[in-house]
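# Structural features, examined
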Amino acid sequence: MSTLEIRDLQVSVKLPEGELKPILAGVDLTVKAGETHAIMGPNGSGKSTLAYSIAGHPKYEITGGTVTLDGADVLEMSVDERARAGLFLAMQYPVEVPGVSVANFLRTAKTAIDGEAPKLRTWAGELRGAMEKLQMDPAFAQRNVNEGFSGGEKKRHEIMQLELLKPKVAILDETDSGLDIDALRIVSEGVNRVRATGETGLLLITHYTRILRYIKPDFVHVFVAGKIVQEGGPELAEQLEAEGYERYVAGAHA
């Protein structure tokens, strides 16, 4: 069973003038295969910083703590090594990749992670099946990655990657943002299919509880001022929906 362990993680962001601004103030979190963790918190609390720091974004500097995946030091790995080790990040704002088709992108990624190219006939069937489940037009495979995609198409493409690449741990950074009700349901169903395998640990980062009506978390963590200030089960998300983050924010700055 794969395990992502985060211990006392401290992270600063590099400002344009070269200074470092502290964002994460000591995060402790363990995500095991088959578990679904929701990280909830107000804007500016550091949720996305956590996601991008684990993935290896160069904008963020680790100033303390450790991140390991199955005992291996994630922070010593390059970004592509982290992906090959089994980490996956579904971005809040996926970037465009002009000149690279979705089909070629996904097959290249699969080859890099598995160490060998998937058999063409088998892969074509897997790709077609994944697109059908996410209610995507087959012509989508020939479009350039994220170029001219709607918000819903970008998020469906992220979940298609998740289903095809089968990571050990997947971090979904505000996957629900910009989705209408139908797209949210379809994307959530894709996440739940991955969850049902029991082979992937999921870390959902969100402001709102609406996605948690479709994807039931095992654990909910309240994130304020760069750290986890409260933990609980699904009932904590319902409490946040009713009461908001105000008392946690006030406590963090007291």
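In this convention, every chain numbers its residues from 1, walking through the sequence in written order. Where totals are concerned, whole chains, interfaces and linings use all residues; where local detail is concerned, this predicted model gives features only for residues with pLDDT of at least 70, and gives and counts side-chain atom pairs only at 80 or more. Side-chain metrics rest on all non-hydrogen atoms present in the structure, leaving aside hydrogens and water.

With an unreviewed UniProt entry as reference, the protein is termed Fe-S cluster assembly ATPase SufC, source organism Couchioplanes caeruleus subsp. caeruleus.

## Brief notes about the environment of Lys 119
Which entries qualify depends on this criterion: Numbering of helices and strands runs from the N terminus, with a helix taken as a DSSP run of H or I at least four residues long and a strand as a DSSP run of E at least two residues long.
Looking at where Lys 119 falls in the secondary structure, it is placed in the loop between helix H3 (102-114) and helix H4 (120-133). Along the backbone, Lys 119 and Arg 107 are 12 residues apart, and their C-alpha atoms lie at a distance of 9.9 Å.

## Quick look at helix H5 (residues 151-165)
What counts, and what does not: In this scheme, a helix's expected span is set at 1.5 Å multiplied by one less than its residue total. The cut-offs for exposure are 20% and 50% of the maximum accessible area for each residue type, with area from a 1.4 Å probe on protein chains only; residues under the lower value are buried, those over the upper are exposed, and the others partly exposed. Here, two residues are considered to be in contact whenever any of their heavy atoms come within 4.5 Å of each other.
Here H5 is 15 residues long and its end C-alpha atoms lie 21 Å apart, about the 21 Å a rise of 1.5 Å per residue gives. Among the residues of H5, those classed as buried are Gly 152, Lys 155, Arg 156, His 157, Glu 158, Ile 159, Met 160, Gln 161, Leu 162, Glu 163, Leu 164 and Leu 165. On its buried face, H5 sits against strand S6 (87-90), H3, H4, strand S8 (144-145), strand S9 (169-173) and helix H6 (181-197). Where H5 terminates, the next one or two residues include Lys 166, which has phi positive at roughly 50°.

## Quick word on the sheet that holds S6
The following threshold applies: Criterion used throughout: strands pair if DSSP finds at least two bridges between them. Each axis is a line fitted through C-alpha atoms, taken for helices only over the stretch in contact, and angles between the N-to-C directions span 0 to 180 degrees.
Taken together, 6 strands build an open sheet; the order of strands is S6-S9-S10-S3-S11-S12 and the sheet is mixed. Both edges of this open sheet fall to S6 and strand S12 (227-232), since each of them pairs with a single strand only. Each neighbouring strand pair of the sheet contributes to a mean axis angle of 20°, computed without reference to strand direction. Bridge count between strand S11 (residues 219-224) and S12: 5 bridges; the pairing is antiparallel. Following the sheet pairing, Val 222 is matched in S12 by Gln 230. Of the strands in this sheet, strand S3 (36-40), S6, S9, strand S10 (201-206) and S11 are in contact with helix H1 (residues 47-55), which crosses S9 at around 140°.

## Let's talk about the side chain of Arg 82
Selection criterion: Under the convention used here, Asp and Glu are negative, Lys and Arg are positive, and both His and the chain ends fall outside the count. Just to be clear on terms, a salt bridge is a Lys or Arg side-chain nitrogen sitting within 4 Å of an Asp or Glu carboxyl oxygen.
By the secondary structure assignment, Arg 82 is in helix H2 (residues 79-85). Despite being buried, Arg 82 has no salt bridge partner; Glu 81 is the closest side chain of opposite charge, sitting 7.0 Å away. The contact partners of Arg 82, leaving out residues within four places of it in the chain, are Ser 53, Ile 54, Ala 55, Gly 56, Val 74, Leu 75, Met 77 and Leu 87.

## Here we look at the domain arrangement of the protein
Put simply, the test is: Source of the domain bounds: an automatic or database domain assignment. When two parts are put together, the accessible area they lose, computed with a 1.4 Å probe and summed over both, is reported as buried area. Residues adjacent in sequence count toward polar contacts only when both atoms are side-chain atoms; beyond that, a polar contact is any pair of N or O atoms within 3.5 Å, and within protein one must be able to donate a hydrogen and the other to accept it. Ten residue types, Ala, Val, Leu, Ile, Met, Phe, Trp, Tyr, Cys and Pro, are classed as nonpolar, four, Asp, Glu, Lys and Arg, as charged, and the remainder, Gly among them, as polar.
Assigned domains of the protein: these are domain 1 (3-94 + 169-250) and domain 2 (95-148). For domain 1 versus domain 2, the separation of C-alpha centres amounts to 25 Å. Across the domain 1/domain 2 interface, buried area totals approximately 670 Å², and carbon plus sulfur atoms make up 58% of it. Linking domain 1 to domain 2 there are 1 residue pair in polar contact (both at pLDDT 80 or more). Only H2 and H6 provide two or more residues apiece to the side of domain 1 that touches domain 2. For the side of domain 1 that touches domain 2, the element with the highest residue contribution is H6, accounting for 3 residues. A class-by-class count of the residues in the side of domain 1 that touches domain 2 yields 5 nonpolar, no polar and 3 charged.

## What to know about unusual backbone geometry
Backbone geometry places Asp 8, a non-glycine residue, at a positive phi of 50°. On the secondary structure map, Asp 8 appears in strand S1 (residues 3-14). For Asp 8, a relative accessible area of 39% translates into the label partly exposed. Phi at Lys 166 is positive, roughly 50°, even though this residue is not glycine.

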